[in-house]
Amino acid sequence: MGSVFDEKEFLACCGSTKFGKEMVAAAPFSTLQDAIRAARHIWFNKVDVNGWLEAFSAHPQIGQSPSKNHQSPTFAQWSKGEQSTALATATDSTLQELFEWNARYREKFGFVFLICASGRSTPEILAELKIRYQNRPIIEFEIAAQEQMKITELRLAKLFSEKADTAPTIKPLATTNIVRKAEDRVNIIGAHLTAATGDAGAKPAHIPKRTRPPITTHILDTSRGCPAGGIEVQLEMWKDNQTRPQFGKANIGGWKVLGSSATDKDGRSGQLMNMVEALTPGIYRISFNTGEYIPDGFFPYVSIVFEIRESQKWDHFHVPLLLSPFSFSTYRGS
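Notes on the structure in this doc start here. In this text, all values refer to a predicted model and were calculated from it rather than measured experimentally.

## A look at the packing of helix α7 (residues 92-109) against helix α8 (residues 122-133)
Interaxial distance between α7 and α8 falls to 10 Å at its minimum, and their mutual angle equals 25°. As the angle between them shows, α7 and α8 are arranged roughly parallel. Seen along the crossing, α7 lies across α8 with a hand that is left-handed. Of the residues in α8, those touching α7 at Thr 94, Glu 97, Leu 98, Trp 101, Asn 102, Arg 104, Tyr 105, Lys 108 and Phe 109 are Thr 122, Ile 125, Leu 126, Leu 129, Lys 130, Arg 132 and Tyr 133. Of the residues in the contact of α7 with α8, the class split is eight nonpolar, three polar and five charged.

## Re helix α9 (residues 137-162)
Given a rise of 1.5 Å per residue, 26 residues ought to cover 38 Å, and the 37 Å separating the end C-alpha atoms of α9 matches this to within 8%. Most of α9 sits inside the fold, with 19 of its 26 residues counted as buried.

## Some details on the pairing of strand β9 (residues 321-324)
Alternating positions in β9 separate into two faces, Leu 321 and Leu 323 on one and Leu 322 and Ser 324 on the other, with burial throughout. The sheet contact formed by strand β2 (residues 219-221) and β9 spans three bridges and is parallel. The residue bridging Leu 220 from the neighbouring strand is Leu 322, located in β9. The pairing of β9 with strand β10 (residues 327-330) spans four bridges and is antiparallel. Within β10, the position partnered with Leu 323 by the bridge is Phe 328.

Parameters at a glance
Residues numbered from 1 in each chain as written. Predicted model: local features only at pLDDT ≥ 70, side-chain atom pairs only at ≥ 80, totals over all residues. Heavy atoms only, no water. Axes fitted to C-alpha atoms, helices over the stretch in contact; angles between N-to-C directions. Helix = DSSP H or I, 4+ residues; strand = E, 2+ residues; numbered from the N terminus. Parallel < 35°, antiparallel > 145°, perpendicular 65-115°, else oblique. Left-handed = near helix turned anticlockwise from the far one by under 90°. Contact = heavy atoms within 4.5 Å. Nonpolar A, V, L, I, M, F, W, Y, C, P; charged D, E, K, R; others polar. Expected span 1.5 Å × (residues − 1). Buried < 20%, exposed > 50% of the residue type's maximum accessible area, 1.4 Å probe, protein only. Pairing = 2+ DSSP bridges.

Structural data, given as structure tokens:
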């Protein structure tokens, strides 16, 4: 028997009524990882456009406190905590600018600017808002939905953390196609949009300079229900244009280290590569020193290899790791 939560607790994670009801129907969950799998499937495949907008509207504007009359006091409390870094780094002038850009954004798109604000400063959030303001509505709607999913995952981790003493540790469900289906839905829409713009390799005219490196990561400790800090992360790129790394072969000497860092208290890594506008297309490998974090765990380290194509060189790639002593999973975020 896994952890049991009610609809109100799931609504604290995501303000969509449909999401809350579907999560209750899918419960109980043996592990946080199982809950996150189900949440992604429900959010991207079962919650409709109205449900997405309902979830967006539950959030206060960045830089403002949640309403005291919010339907979920826990939601309001978590929102305030997630914005703590932003508020701590804000000045009167940046708050005023944020207020003005929030108003512009809402007027253009019809919903509040949504970003996973945990650990982010006001200048960083403001820069991201200005970049995303240039997007077409259909693109921005998908980005906002993905940001909501990041927030939901962090809050599910908090929810499980509160019941950690009563939740048993058992083997998580086998890998399913849930995440892939959700990502396929987003990618299909993105592919149509890219095709409509003409040359896939050309720089879209609306994208200003980056405000963060193009490849980032964060780590969630699913056994404890919290971010995993202090884990060393290394990013590499395959340096031989004439060959490719092959399964089952040592591939010694083909990787070039781009950078390394350790995750902070929010589970986010520092800068892993130079701040470049266009990523070099090719094969990348991101590795996590999990053995140092969980000495008695099953994995001495974890490496994830992925390929970035010419048409994706302007994108941002977020490669999170969901980790426990005997399992891990990942997916491509934005």
